[in-house]
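Coordinate inspection notes
Listed below, chain by chain, are the residues.
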Amino acid sequence: MKFLNDAEAYLRSKFANYPAEDVLTLDPCPAGQQGDFTLNCFRIGKFCGNPMAAASEVVAFLSGHEDIESVTAVKAFVNITLKPAALHKASSADAAALLDRGKLPENERRRVLIEFSAPNTNKPQHLGHVRNNTLGMALGSLLKRVGHDVIEINLVNDRGIHICKSMLCYQRVGNGRNPENTGIKGDHLVGDFYVEYNKMLSDEVKALKSARPELADKGTDELFLETEIGQATQKMLLDWEAGDAGVRELWQMMNSWVFAGFAETYKRMGIDFDHTYLESETYLLGKDIIAAGLEKGVFTRREDGAVICDLGKMGKKVVLRSDGTSVYITQDIGTTKKKYDDYHPESMVWVVGDEQNLHFQMLFEIMKRLGFEWAKDLYHLSYGMVNLPNGRMKSREGTVVDADDLFDEMSLLARNACAERSGDEVSEEDLTRRGEIIGLGALKFMLLKFNPKTTITFDPAASLRFEGDTGPYVQYVATRIASISRKAAEKGFTVSGDADWSLLGTQAERELAVKLYFYPSILHTAAAKRDCSGLVEYLLELAKAFNRFYRDCPVLSAGDDALVKARLALADTVRQVIVDGLHTLTIGVPEAM
């Protein structure tokens, strides 16, 4: 803002030790105090004597500034009220410039690699994956929005004992079923076999406990290799690792069904990965790094031959078993190095649930000890569990909420809500399209509304309300403004930046202008924190501020053409910011609701 630059120049000229770079920053004026903005002079007190003296200097200078309507000091804080024209020209008048300020300076932009989703190929993606996908794609979009170069990758777990469970079940009861002859989406079909397998395993365990009462207190996992089906599954895994042609052919066939299903799910969510790594191609990585680390003294060999890393308070972590085989962190070490070698990012982010917090703390510390300089910029975006109102989900029991089924439910609920509002004047095709945009938008908005670390309960019906802190509420404001603009055009009014901004001095108009001014900093802060919830909160506040403005300040019926034009321009800037913010969150906006 001009007054801010002028104040900086004044202080720089008066105080010899005042820094060459700008250090004055604006905050919204606190509720209950008069002003548009507040300057915290504690930040500049050391350059101007003390905070109180700094505030006095700022007030003295700004009192005569052409853009200032009033200025007062409250201890070391300076509350500033701008003249309407100056206020709106710094925020509302040039939407393109406002949006462009959302980009970081070139020297602050980085190359960031984000890994998210990471599903298993033994079942379809569920609500937990939806939160992961939503967090990952929204963070990637946010980082791109502020100017970072972002690489989005997926690491699919397509091998292991859990994959063999679905395969063995198919061998025994599949009877030649496939997605084509059943009409079942491939990942759902394979997931059905996984659920069926666990029922078969449960039956064997019950029979085993009945025959051997001494095993009554043992869990299913403990008795896995005591069962026939468990032994057969373990043999299948060994055969896979040995390259058995028949097992590999079955594995490739069933994985192809799952990948085709995943592709549909990702397309519906709007996800397009830059690269997908497969665990079947990476699970042997890391052994050479462990060997090199052993020579350097990063690792030690335990009495039983296992290789470990003493991580102090975190504990001692096995990185190679006594028989020389890998553990999970072994391949994680190798895959992390491979990702760096493939893309040379300046920062890497993993979007993984909070049950893996310790794992990632250990991984990052090990990478640092191995001497990888870039390991200081590894980050785990940890997130909490997402539950439904009726409780937790369990994959083995088939009680999960599949992502595709959830999308269908959200889309249908939103479609029906639109139909109630629109009557018979909207075609079925339009209703379906609106339902998809609103339904998936409501889902993403609610999952992004909370800090990722929060464990949340997701209620589909509540997330779709058109009133309240929901995605549809924000989408509706954007569509309402678009409708106002269309009606204005019919009356001969067009949106332009040459409005008479001096006319917009009401409290509601000022509040909108101030909120718009801070949009770029909201983007920067959310990106720096790697947390989209701040942007969600901002969009809700902006939507509510617009509704207060629309209630108190008629637009098309303002009476004066110049006032209509100015309010129309202000409203359109709000619309552009809302659309930009929602798109940054990977949420679309329908033409109407």
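The rules behind each value
Residues numbered from 1 in each chain as written. Predicted model: local features only at pLDDT ≥ 70, side-chain atom pairs only at ≥ 80, totals over all residues. Heavy atoms only, no water. Helix = DSSP H or I, 4+ residues; strand = E, 2+ residues; numbered from the N terminus. Buried < 20%, exposed > 50% of the residue type's maximum accessible area, 1.4 Å probe, protein only. Contact = heavy atoms within 4.5 Å. Pairing = 2+ DSSP bridges. Axes fitted to C-alpha atoms, helices over the stretch in contact; angles between N-to-C directions. Core = buried A, V, L, I, M, F, W, Y, C linked by side-chain atoms within 4.5 Å. Salt bridge = Lys/Arg side-chain N within 4 Å of Asp/Glu carboxyl O. Disulfide = S-S within 2.5 Å. Phe/Tyr/Trp six-rings, centres within 6.5 Å; stacked < 30°, edge-to-face > 60°. Lys NZ or Arg CZ within 6 Å of the ring centre and 35° of its normal. Right-handed = clockwise from strand over helix to strand, strands pointing away. Polar contact = N/O pair within 3.5 Å; in protein donor to acceptor, adjacent residues only side chain to side chain.

**Digging into the overall build of the protein chain**
Within the protein chain one finds 22 helices and 14 strands. Overall, the C-alpha framework of the protein chain stretches about 90 × 70 × 40 Å when taken along its three principal axes. Here the protein chain holds 593 residues, and 53% of them are scored as buried. A fraction of 73% describes how many contacts in the protein chain between residues 6 or more apart in sequence connect residues 24 or more apart.

**A word on the sheet that holds strand S9 (residues 307–310)**
In a beta sheet, neighbouring strands are held together by backbone hydrogen bonds and run either parallel or antiparallel to one another. One open sheet accounts for 3 strands, arranged S8-S9-S10; its pairing is antiparallel. Where the open sheet ends on each side, the last strands, each with one partner, are strand S8 (300–301) and strand S10 (316–320). Two strands pair when backbone bridges link them, and S9 and S10 are joined in this way by 4 bridges, in the antiparallel orientation. Within S10, the residue paired with Val307 across the bridge is Leu320. Along the sheet, helix H12 (residues 287–296) makes contact with S8, S9 and S10, crossing S10 at roughly 125°.

**Some words on the nonpolar core**
Ranked by internal contacts, the top residues of the largest apolar core, which has 124 residues, are Ile114, Val474 and Phe546. Top contributing element to this core by residue count: helix H22 (residues 561–584), with 12 residues. With sequence-adjacent residues up to four places away left out, Val474 is seen in contact with Phe445, Leu539, Leu540, Ala543, Ile578 and Leu582. Counting 32 residues, the second-largest nonpolar core is a separate cluster that includes Ile289, Phe299, Cys309 and Leu370.

**Re the pattern of salt bridges**
Following the criterion strictly, the structure yields 40 salt bridges and no others. Across the pair Arg433 and Asp430 runs a salt bridge, and its minimum N-O distance is 2.1 Å. With a gap of 3 residues between them, Arg433 and Asp430 both fall in helix H16 (residues 428–448), about one helical turn apart. Taken together, the shared-partner salt bridges in this structure form one network comprising Lys2, Asp6 and Glu66.

**A look at the state of the cysteines**
Tallied over the full model, the rule gives 0 disulfides. No disulfide involves Cys41; its nearest neighbouring cysteine sulfur is the one of Cys48, lying 7.8 Å away. Left unpaired, Cys164 is separated from the closest cysteine sulfur, that of Cys169, by 13 Å. A residue is classified by how much of its surface remains accessible, and Cys164, at 2% relative accessible area, is buried.

**Structural notes on the environment of Ala291**
Along the chain, the position of Ala291 falls in helix H12. On the accessibility criterion, Ala291 (41% relative accessible area) is partly exposed. Along the backbone, Ala291 and Lys144 are 147 residues apart, and their C-alpha atoms lie at a distance of 38 Å.

**Quick word on the sheet that holds strand S2 (residues 37–40)**
Reading across from one edge, S1-S2-S4-S3 is the order of the 4 strands in this open sheet, with antiparallel pairing throughout. Here the strands that pair on one side only, and so sit at the sheet edges, are strand S1 (26–28) and strand S3 (68–74). With strand direction ignored, the average angle separating the axes of adjacent strands in the sheet is 30°. Two strands pair when backbone bridges link them, and S3 and strand S4 (residues 77–82) are joined in this way by 6 bridges, in the antiparallel orientation. Pairing of Ala73 across the sheet is with Val78, part of S4. Most of the contacts of helix H2 (residues 51–62) go to S3, to which it runs at about 165°, and overall it touches S2, S3 and S4.

**Observations regarding the packing of aromatic side chains**
Scanning the model with the defined rule gives 22 aromatic pairs in all. Between Trp350 and Phe364 the ring centres are 5.3 Å apart and the planes differ by 45°, which places this aromatic pair in the tilted class. One end of the pair, Trp350, is in strand S11 (residues 347–353); the other, Phe364, is in helix H14 (residues 357–369), with 14 residues separating them in the sequence. The class of Phe364 is buried, set by a relative accessible area of 10%. Plain terms: the ring middles of Tyr517 and Phe518 are 5.2 Å apart, the flat faces sit at 85° to each other, and that makes the pair edge-to-face. Among the residues examined, Phe518 registers a relative accessible area of 12% and is labelled buried. Among the aromatic residues, those joined into a cluster by ring pairs are Phe116, Phe259, Phe262, Tyr266 and Phe273. Arg421 extends its terminal NZ or CZ atom over the ring of Tyr476, reaching a point 5.5 Å from the ring centre.

**Quick look at the pairing of S11**
Among the 7 residues in S11, 6 count as buried, and that is most of the element. As paired elements, strand S5 (residues 111–115) and S11 share 4 bridges and run parallel to each other. Across the sheet, Leu113 pairs through a bridge with Met348, a residue of S11. Alignment of S11 against strand S12 (residues 378–383), held across 6 bridges, turns out to be parallel. Across the sheet, residue Val352 finds its bridge partner in S12, namely Ser382.

**Thoughts on the pairing of S12**
In terms of residue burial, S12 counts as a mostly covered element, since 5 of its 6 residues are buried. Since S11 and S12 lie parallel, the crossover through H14 that links them has a hand, and here it is right-handed.

**Structural notes on the environment of Thr182**
On the secondary structure map, Thr182 appears in helix H7 (residues 179–182). Apart from residues no more than four positions distant in its own chain, Thr182 is found in contact with Arg177 and Leu189. Here the side chain of Thr182 touches Asn178 through a polar contact of 2.7 Å, landing on its backbone oxygen.

These results come straight from atomic positions and should not be treated as a statement about function.
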